[in-house]
Amino acid sequence: SHVHDRNTSLNRRKVQFKTDMPDVVKTSGFDFSTASGSNYRIDVRKIKGGRTGRMGIDVSFYDRDSEFPFDISNKGDAIKVFSTVKATIAKYITDDPSISIISFSAKNSEQSRVNLYRAFAKQFTKYFPEFSKVEIYPEGEVTRFMISKP
């Protein structure tokens with residue numbers, strides 16, 4: 001990732017660095033299965049800081065049974081997986097109103113996934129109108145999606 005702001009200052013013989021990298025507050029994982037018997041995991045990292053200094057969550061999900069878990073599974077479970085991801089995010093933002101940013105990413109080599117995530121981000125704002133800002137950042141090998149409160 002690219003560091004946008006890196007300031008240094010000397011303070012009582014300690015060098016302190018300020019970057020746009022957020023602090024991970026807590027990481028949680030949730031396992032679920034689909035009707036077809038596929039097993040998935042959702043990881044949620046609660047983060048604070050970064051460029052905005054705001055509280056957020058970074059979400060990733062993957063097929064636990066796959067040799068390449070983050071690759072497209074093509075098992076026909078997309079609706080169930082995204083419904084479960086949406087419900088998980090909804091629980092986080094309902095339980096903690098200080099969360100104002102949701103982020104996730106997709107490999108650019110999987111354009112169908114990038115398109116699916118783009119549609120998910122736009123659809124999410126319809127269910128949760130307070131998260132009305134969608135930002136999409138192509139960053140080298142991945143595209144990062146950020147949904148936030150303005």
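Since this is a predicted model, take the numbers as computed values, not measurements. (Residues numbered from 1 in each chain as written. Predicted model: local features only at pLDDT ≥ 70, side-chain atom pairs only at ≥ 80, totals over all residues. Heavy atoms only, no water.)

**Thoughts on the overall build of the protein**
Tallying secondary structure elements over the protein gives two helices and eight strands in all. Counting helices and strands in the order they occur from the N terminus, the protein gives β-β-β-β-β-α-β-α-β-β. When each of the 150 residues of the protein is scored for burial, the buried share is 35%. Summarising the internal contacts of the protein: among those between residues at least 6 apart in sequence, 51% fall at separations of at least 24. Of the roughly 9,300 Å² that the protein leaves accessible, carbon and sulfur atoms contribute 52%. (Helix = DSSP H or I, 4+ residues; strand = E, 2+ residues; numbered from the N terminus. Buried < 20%, exposed > 50% of the residue type's maximum accessible area, 1.4 Å probe, protein only. Contact = heavy atoms within 4.5 Å. Areas by Shrake-Rupley, 256 points an atom, 1.4 Å probe, with all protein chains shown as cover.)

**Looking at helix 2 (residues 111-127)**
Taking 1.5 Å of rise per residue, the 17 residues of helix 2 would be expected to cover 24 Å, and the 25 Å separating its terminal C-alpha atoms lies within 8% of that figure. Residues of helix 2 that are buried include every one of R113, V114, Y117, F120, A121, F124 and T125, and no others. The buried residues of helix 2 occupy one face: seen down the axis, they fall within an arc of 135 degrees. In this structure, the buried residues of helix 2 make contact with strand 5 (54-63), helix 1 (78-95), strand 6 (99-107), strand 7 (133-139) and strand 8 (142-148). (Expected span 1.5 Å × (residues − 1). Arc of directions from axis to C-beta.)

**Things to note about the environment of R45**
Among the structural elements, R45 can be located in strand 4 (residues 39-49). Residues R45 and G29, spaced 16 residues apart in sequence, show a C-alpha to C-alpha distance of 8.8 Å.

**A short note on empty space enclosed by the protein**
Under the criterion given, the structure shown has one cavity of 30 Å³ or more. In this structure, the largest cavity encloses a volume near 30 Å³. Taken together, V59, F61, F82, V85, I89, F104, Y117 and F120 make up the full set of residues lining the largest cavity. Breaking the lining of the largest cavity down by element, the ones donating at least two residues are strand 5, helix 1 and helix 2. When its residues are assigned to classes, the lining of the largest cavity shows eight nonpolar, no polar and no charged. (1 Å grid on protein atoms, 1.4 Å probe; cavity = no way out; pocket = protein on both sides within 12 Å on 5 of 7 lines; lining within 4 Å. Points joined across faces, edges and corners; volume = space filled by probe spheres on them. Nonpolar A, V, L, I, M, F, W, Y, C, P; charged D, E, K, R; others polar.)

**Considerations on the confidence of the model for the protein**
On average, residues of the protein score 78 in pLDDT, and 76% of them reach the 70 mark or higher. The low-confidence segment residues 1-20, where pLDDT is below 50, has 23 contacts with residues more than four positions distant or belonging to other chains. (pLDDT = per-residue confidence, 0-100.)

**Here's the deal with the environment of E110**
Positionally, E110 belongs in the loop between strand 6 and helix 2. Overall, E110 belongs to the buried group, its relative accessible area being 11%. Taking the C-alpha atoms as reference points, E110 and V142, 32 residues apart in sequence, are found 9.3 Å from one another.

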